[in-house]
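A structural walkthrough
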Amino acid sequence: MREFLKNYYNESIQIQVAASETLADVLVDAADLLVSSLLAGQRVFSCGDGQSLFVANHFADLLLQGSELERPPFPALALGLSSSQTSELESIARQVQAIGSQGDILVAFISEQHSERVHQAMEAALSREMTIIAIIGTESGDATGLLGPADIEIQIPAANPARITEQQLFISHLLCSLIEQQIFQGGTS
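Below you will find a few notes about this structure. Since the model is a prediction, treat every value here as computed from it, not as a measurement.

This paragraph deals with the pattern of salt bridges. One pass over the full model with this rule turns up four salt bridges. Between E11 and R163 there is a salt bridge whose closest N-O contact spans 3.4 Å. Note that E11 is positioned in helix α1 (residues 2-22) and R163 in helix α6 (residues 161-184), a separation of 152 residues in sequence. For E11, a relative accessible area of 31% puts it in the partly exposed group. Look at R163 and you get buried, because its relative accessible area is 2%. A salt bridge links E166 to R163, with the shortest nitrogen-to-oxygen separation between them at 2.9 Å. Note that E166 and R163 are positioned in helix α6 at a spacing of three residues, about one turn of the helix. What makes E166 partly exposed here is its relative accessible area of 30%.

Now the structure itself:
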């Protein structure tokens, strides 16, 4: 049992170390994009699949409530399923189509190998000329193929959905802290 626990922690730690070495530049790019968009009055929408749905909701809440600073809210909304929606697969995409605008950002948290619901939301974001930040694992299916040159892919060095979700939560806090630092404390990337 102790060996299992040790291995469980070690796997998470190794992914954290690998992510710190490989994701620094793309995380700074994502923070810069979010800052410039927020300062230009654009909105941030987030969505997720499976275990990542919690992270998408939490990220929007961090943008609204603040991470480390008491500050005004940022225009952010977590997209989710609607109880009256006739097609569960289209529910998030329809929300993007209804309220997304050119220049807004969709942050897509994907921990599963394939997430039709989030992929449809990404396609809807593209049709609305929104920018996408995809926070995914190494086996993200066809999500990468939906990204354009202005979009950002943050690929966590893990295939296990639980490890991906752990890193997504960490990254959501990091991005919020970077945004607050740049906007309210004069920090630069």
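Next comes the rest of the write-up.
Further remarks concern the nonpolar core. Judged by nonpolar contacts, the single largest core of 34 residues is most densely connected at L34, V107, I133, I135, I154 and L175. Where this core is concerned, the elements lending two or more residues are α1, α2 (24-39), α3 (52-65), β3 (105-109), β4 (131-136), β5 (152-155) and α6. No other element matches α2, which puts eight residues into this core. The contacts of I154, once residues within four sequence positions are left out, are L23, V26, L27, A30, I133, A134, I135, I136 and I171. Counting residues in hydrophobic clusters, the runner-up holds 21 residues, among them C47, A108, A124 and L146.

In the contact formed by α2 and α6, the axes pass within 9 Å of each other and the chain directions differ by 55°. Between α2 and α6, the interaxial angle falls into the category oblique. α2 and α6 meet at a crossing whose hand is right-handed. Of the residues in α6, those touching α2 at L27, A30, A31, D32, L34, V35, L38 and L39 are I171, L174, L175, L178, I179, Q182 and I183.

The buried fraction of strand β1 (residues 44-48) is high, at five of five residues. The two faces of β1 match: V44, S46 and G48 on one face and F45 and C47 on the other face are all buried. When β1 meets strand β2 (residues 76-78), the two strands line up parallel, connected through three bridges. By the bridge assignment for β2, F45 is matched with L77. Each parallel crossover has a hand, and for β1 linked through α3 to β2 it is right-handed. Here β1 runs beside β3; their pairing, made up of five bridges, is parallel. Within β3, the position partnered with V44 by the bridge is I105.

Below, the discussion takes up α1. When the terminal C-alpha atoms of α1 are compared, their 30 Å separation across 21 residues agrees well with the 30 Å that a helix rising 1.5 Å per residue should span. Listing the buried residues of α1 in full gives S12, I15 and A19. Down the axis of α1, the buried side of the element spans an arc of 60°, and every buried residue falls inside it. Facing away from the buried side of α1, by more than 90 degrees, are the exposed residues R2, Y9, Q14, S20 and E21.

Counting buried positions along β3 yields five of five residues, so the element is predominantly enclosed. Burial along β3 is two-sided: I105, V107 and F109 facing one way and L106 and A108 facing the other are all buried. The sheet contact formed by β3 and β4 spans five bridges and is parallel. For A108, the partnering residue across the bridge sits in β4 and is A134. Read from β3 through helix α5 (residues 116-127) to β4, the crossover connection turns out right-handed.

Procedures and definitions
Residue numbers run consecutively from 1 along every chain, following the written order of its sequence. A pLDDT threshold of at least 70 governs which residues receive local features in this predicted model, and a stricter bar of 80 or more applies before side-chain atom pairs are shown or counted, although totals over entire chains, interfaces and linings include all residues. Only hydrogens and water are removed before side-chain values are computed, so all heavy atoms of the structure are retained for them. By salt bridge we mean one thing: a side-chain nitrogen of Lys or Arg within 4 Å of a carboxyl oxygen of Asp or Glu. Helix and strand assignments come from DSSP, with helices taken as H or I runs of at least 4 residues and strands as E runs of at least 2, each series counted from the N terminus. Relative accessibility thresholds used throughout: buried, under 20% of the residue-type maximum; exposed, over 50%; partly exposed, between the two (1.4 Å probe, protein chains only). In this description, a nonpolar core means a group of buried Ala, Val, Leu, Ile, Met, Phe, Trp, Tyr and Cys residues linked to one another through side-chain atoms lying within 4.5 Å. The contact criterion used throughout is that any non-hydrogen atoms of two residues lie within 4.5 Å. Angles here are taken between N-to-C directions and fall from 0 to 180 degrees, while the axes themselves are lines fitted to C-alpha atoms, restricted in helices to the stretch in contact. Oblique is the label for any angle not under 35 degrees, not over 145, and not in the 65 to 115 range, which are roughly parallel, roughly antiparallel and roughly perpendicular in turn. Crossing handedness follows the turn of the near helix against the far one: under a right angle anticlockwise gives a left-handed crossing, and clockwise gives a right-handed one. Pairing between strands is defined by DSSP: at least two bridges between the two strands are required. Here, the term right-handed applies to a crossover whose path from the first strand over the helix to the second runs clockwise when the strands point away from the viewer. Helices are assigned an expected span. That span is 1.5 Å times one less than the residue count. Each C-beta atom gives one direction from the helix axis, and the arc is the one those directions make.

Everything listed here is a matter of coordinates, which is why it stays silent on function.
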